[in-house]
Amino acid sequence: VEKPRTCVLQVLMLGGNNLQDLGISQLCLRLQRNAFLHTLDLSNNALHEGAAEDLGELIAVNQCLQTLLLARNKLRGRGLHYISKGLATNDSLTCLNLRDNCLVDSCAQELARAVRVKGSIISMDTEVNYFNFENVNLLAQLLSHNREVYEANTSKRLARELSNRWPALAKLPRIQAQVV
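Reading the values: the criteria
- Residues numbered from 1 in each chain as written.
- Predicted model: local features only at pLDDT ≥ 70, side-chain atom pairs only at ≥ 80, totals over all residues.
- Heavy atoms only, no water.
- Helix = DSSP H or I, 4+ residues; strand = E, 2+ residues; numbered from the N terminus.
- Buried < 20%, exposed > 50% of the residue type's maximum accessible area, 1.4 Å probe, protein only.
- Salt bridge = Lys/Arg side-chain N within 4 Å of Asp/Glu carboxyl O.
- Pairing = 2+ DSSP bridges.
- Axes fitted to C-alpha atoms, helices over the stretch in contact; angles between N-to-C directions.
- Parallel < 35°, antiparallel > 145°, perpendicular 65-115°, else oblique.
- Left-handed = near helix turned anticlockwise from the far one by under 90°.
- Contact = heavy atoms within 4.5 Å.
- Nonpolar A, V, L, I, M, F, W, Y, C, P; charged D, E, K, R; others polar.

## Focus on unusual backbone geometry
Here is step 1 of the chain: Positive phi values are uncommon outside glycine, yet Asn-44 reaches one of about 55°.
Here is step 2 of the chain: Relative to the helices and strands, Asn-44 resides in the loop between β2 (39-41) and α2 (49-61).
Here is step 3 of the chain: Classification of Asn-44 by relative accessible area gives partly exposed; the value is 40%.
Here is step 4 of the chain: With a phi close to 60°, Cys-102 is a non-glycine residue in the positive phi region.
Here is step 5 of the chain: Tracing the backbone shows Cys-102 in the loop between β4 (95-97) and α4 (105-118).

Structure, rendered in structure tokens:
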């Protein structure tokens, strides 16, 4: 007798399905406990502020989600408020696409505060919104800083894993190269 297989959902691409707010509400409820989903594409689904509230809760609860694509929806300021609340408690999300969501300068500032709190976002698309140069520059600086920290932490983590795996490596003398 063959055992039933277990399917692990890691990537869910639902872009362009016109799910709207009610469909996203049901989806978010089911995805909150998913410990394997790392990529969720909800681009171009006619999402508004109501869906953003559910998405904000999903972002706050699901600590495995790494990439969230929300391009070409109409989240607007109130919707971004819910997304930002979720970002403020999430350590895993590194890539966020908010392209073409009717976002204005106050949204950029709220987004910057959320990105600064946790610092896990290293890639963000906010094109085709209504941000002025100063706010675009602020977000770019924050993302650049987050990338530097992420890369440093990744290097430290890799060195730790290598020394745990091969303890003899940790005892080797460190060689520093100097560029002339």
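Still more to cover.
## Considerations on the environment of Val-136
Here is step 1 of the chain: With respect to the element layout, Val-136 can be found in helix α5 (residues 133-165).
Here is step 2 of the chain: Each C-alpha atom of the pair Val-136 and His-38 lies 27 Å from the other, and the pair is 98 residues apart in sequence.

## Concerning the pattern of salt bridges
Here is step 1 of the chain: Overall, the coordinates contain 3 salt bridges when judged by the stated rule.
Here is step 2 of the chain: The salt bridge involving Lys-118 is made with Asp-91; its shortest N-O contact spans 3.3 Å. Taken as a pair, Lys-118 in helix α4 and Asp-91 in the loop between α3 (76-87) and β4 lie far apart in primary sequence, 27 residues in all.
Here is step 3 of the chain: On the basis of relative accessibility, which here comes to 35%, the residue Lys-118 falls in the partly exposed class.

## A few points about the sheet that holds β4
Here is step 1 of the chain: Spatial strand order, β1-β2-β3-β4-β5: 5 strands in an open sheet with parallel pairing. The open sheet has two edge strands, β1 (11-13) and β5 (123-125), and neither has a second partner. Geometrically, the sheet is characterised by an average inter-axis angle of 5° between neighbouring strands, direction not taken into account.
Here is step 2 of the chain: Taken together, the 3 bridges between strand β3 (residues 67-69) and β4 define a ladder with parallel strand orientation. Across the sheet, the residue bridging to Leu-69 is Asn-97, located in β4.

## Focus: the packing of α4 against α5
Here is step 1 of the chain: Where α4 contacts α5, the two axes come as close as 9 Å, and the packing angle between them is 15°. Taken together, α4 and α5 sit at an angle that is classed as roughly parallel. The hand of the α4/α5 crossing is left-handed. Across the interface between the two elements, Asp-105, Ala-108, Gln-109, Leu-111, Ala-112, Val-115 and Arg-116 of α4 pack against Asn-135, Leu-138, Leu-139, Leu-142, Leu-143 and Asn-146 of α5.
Here is step 2 of the chain: Here the residues of the contact of α4 with α5 sort into 8 nonpolar, 3 polar and 2 charged.

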